[in-house]
Amino acid sequence: MLLKIQALGNATRFEIVKLVREREMAAGTIAKRFQLTRPAVSQHLGMLREAGLLDERRVGSQRLYVVRPEGFAEIVEFVEGFWRPRLRRLKLAAEAAERSKTRK
């Protein structure tokens, strides 16, 4: 999971994920969105692939990228595991407050 978090911790990589989260994009199209060299964007794409967050598909000479939703499962599980008990306590406190209001 650390590799995934490190990959998303970089602003450029985070923006790349946002770009390709809903539709596949060619590497060249992605590179045009940034003021970076194509090799630099390629390195970012490689790290995102290595972290399991992007899928790459080759069509002729093009490389197409899209988010791998299952690549985020571990992060989602961690965040939900962090918030679930806190949200449950909040819910219980709100319900208790509501019950005490109706008794008055």
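As shown above, the structure is provided for reference.
These numbers were taken from a predicted model, which means no experiment stands behind them. (Residues numbered from 1 in each chain as written. Predicted model: local features only at pLDDT ≥ 70, side-chain atom pairs only at ≥ 80, totals over all residues. Heavy atoms only, no water.)

(A) The packing of helix α2 (residues 11–20) against helix α4 (residues 38–50), seen in detail. Relative orientation of the contacting elements α2 and α4 amounts to 75°, with a least axis distance of 10 Å. Classified by the interaxial angle, the pair formed by α2 and α4 is roughly perpendicular. Each of Thr12, Arg13, Ile16 and Val17 in α2 lies in contact with α4, whose residues at this interface are Val41, His44, Leu45, Met47 and Leu48. Tallied by class, residues from the contact of α2 with α4 come to six nonpolar, two polar and one charged. (Axes fitted to C-alpha atoms, helices over the stretch in contact; angles between N-to-C directions. Helix = DSSP H or I, 4+ residues; strand = E, 2+ residues; numbered from the N terminus. Parallel < 35°, antiparallel > 145°, perpendicular 65-115°, else oblique. Contact = heavy atoms within 4.5 Å. Nonpolar A, V, L, I, M, F, W, Y, C, P; charged D, E, K, R; others polar.)

(B) Seen up close, α2. Along α2, the positions that sit buried rather than exposed are Thr12, Arg13, Ile16, Val17 and Val20. Down the axis of α2, the buried side of the element spans an arc of 140°, and every buried residue falls inside it. Elements that come into contact with the buried residues of α2 comprise α1 (2–8), β1 (25–26), α3 (27–32), α4, β2 (54–59) and β3 (62–67). (Buried < 20%, exposed > 50% of the residue type's maximum accessible area, 1.4 Å probe, protein only. Arc of directions from axis to C-beta.)

These values are about where atoms sit, not about what they do.
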